Number of protein chains: 2
Amino acid sequence: MTYAIGEVAKMLNLTIYTLRYYDKEGLMPFVERTPSGTRVFKESDVEALKIIECLKSSGMPLKNIRYFIEWCSQGDCSLQQRYDMFIERKAVVEAQMNELKKTLEIIDYKCWYYKTALEAGTENVHKTKDAEDCAQQQVHSMQDRQ
Amino acid sequence: MTYAIGEVAKMLNLTIYTLRYYDKEGLMPFVERTPSGTRVFKESDVEALKIIECLKSSGMPLKNIRYFIEWCSQGDCSLQQRYDMFIERKAVVEAQMNELKKTLEIIDYKCWYYKTALEAGTENVHKTKDAEDCAQQQVHSMQDRQ
DNA sequence: GTAATTCCTAGAGGTGGCTCGAGGTCAATT
DNA sequence: AATTGACCTCGAGCCACCTCTAGGAATTAC
């Protein structure tokens, strides 16, 4: 089973432009063509594109993804590099998750802050209390929600 | 206690260029100046910048962060908008965390894939088995690690 | 008092990642 | 035979987000 670029775009939720751009950037050297030049995507090509999407959403720039793709076509001699790369990606993604967790904590605090301000009708409800008071109140509000 | 732009840059791990750029983009209308034009950051300005950083790392574009800053200077009439914005941010960040979790699962699989390939000396160890075999093996390898 | 450091503005330049328009090919349908 | 629609290339344009340079002013250290 093979796919045309439009089908692949739909499957991966990308535009045709993006796929062609990736090809131009050397991310899809494996995709074959018909004699007239139309790209023909194999099942394995779609799988490779999913890995590319995975690396992309791990925050890896396209340039570096291209190096990985090059390693892949070099065979077993690049296994160590590829392993190291995924280990590094793992660390990066875990760091990102920790960052997001911190971000979420601040956002949760702000949700509480504005919720109580709305209830009071004014933000002054917070400005008149000191920071420790606020933290206290937040803890209680958090517990109430459980 | 007040700070100069260079101190704030160090505190927030940003460059002076970035801070000035944010100012140019209307993200810091609250920062005052000395008669000679030098920016003077108050403690509360640094706190506001931390919220800006929080919104930024939640994936919010600077343009939208500016709207939030404008709302802040409009007082209590914009409380609802600000609350809604943080509720929306919460959803966005939670979605991002779910995305990252999926990404991490694929990366974990790939770490296992390359680890076993390295042990075998060749990637063929995976190519000769079918996908279900691989999944099985992965599950075992995962359990071994616990 | 002069040298070093830090600040300022305006505006140009750069990177990453697309996004699109023009002009053309090809295969299938009417 | 003509139309439709999906494909192609090339190159320009665009958006977000900085990043830096030039030219200048103010402050601090010796």
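In case you missed it, the structure is sitting above this.
To start, this report covers the structure provided alongside it. Just so it is clear, the structure is predicted and the values come from calculations on it, not from any experiment.

## Brief notes about the pattern of salt bridges
So, step 1. Overall, the coordinates contain 25 salt bridges over all chains when judged by the stated rule.
So, step 2. Here E88 of chain A and R89 of chain A are joined by a salt bridge, their closest N and O atoms 3.8 Å apart.
So, step 3. Classification of E88 of chain A as partly exposed rests on a relative accessible area of 48%.
So, step 4. Here K90 of chain B ties to D108 of chain A by a salt bridge, and the two come within 2.6 Å at their closest N and O atoms. Here the residue K90 of chain B occupies a position in helix α5 (residues 79–120), and D108 of chain A occupies one in helix α5 (residues 79–120), the pair thus bridging two chains.
So, step 5. Through salt bridges that share partners, D23, R33 and R39 of chain A make up one connected network.

## Looking at the sheet that holds strand β3 (residues 39–42) of chain A
Residue and element names in this part refer to chain A.
So, step 1. Overall, antiparallel pairing links the 3 strands, which are arranged β1-β3-β2 in an open sheet. Two strands in the sheet have a free side with no partner beyond their single neighbour: β1 (2–3) and β2 (32–33).
So, step 2. Taken together, the 2 bridges between β1 and β3 define a ladder with antiparallel strand orientation. The residue of β3 that forms the bridge with T2 is K42.
So, step 3. The strands that helix α3 (residues 43–57) touches are β1 and β3; relative to β3, the one it contacts most, it runs at about 80°.

## Points about the protein's contact with DNA strand C
So, step 1. Near DNA strand C, the surroundings consist of 19 residues, among which Y22 of chain A together with G6, R20, R33 and R39 of chain B are the closest.
So, step 2. Within 4 Å of the protein, the contacting atoms of DNA strand C are drawn from sugar and phosphate to the extent of 73%.
So, step 3. The side chain of R20 of chain B places a nitrogen or oxygen atom 2.5 Å from a phosphate oxygen of DNA strand C.
So, step 4. When residues of the surface near DNA strand C are traced back to their parent elements, those giving at least two are α2 (16–24) and α4 (62–73) of chain A together with α1 (5–12) and α2 (16–24) of chain B.

Conventions adopted
Residues numbered from 1 in each chain as written. Chains lettered and ligands numbered in written order. Predicted model: local features only at pLDDT ≥ 70, side-chain atom pairs only at ≥ 80, totals over all residues. Heavy atoms only, no water. Salt bridge = Lys/Arg side-chain N within 4 Å of Asp/Glu carboxyl O. Buried < 20%, exposed > 50% of the residue type's maximum accessible area, 1.4 Å probe, protein only. Helix = DSSP H or I, 4+ residues; strand = E, 2+ residues; numbered from the N terminus. Pairing = 2+ DSSP bridges. Contact = heavy atoms within 4.5 Å. Axes fitted to C-alpha atoms, helices over the stretch in contact; angles between N-to-C directions. Near = heavy atom within 4 Å. Polar contact = N/O pair within 3.5 Å; in protein donor to acceptor, adjacent residues only side chain to side chain.

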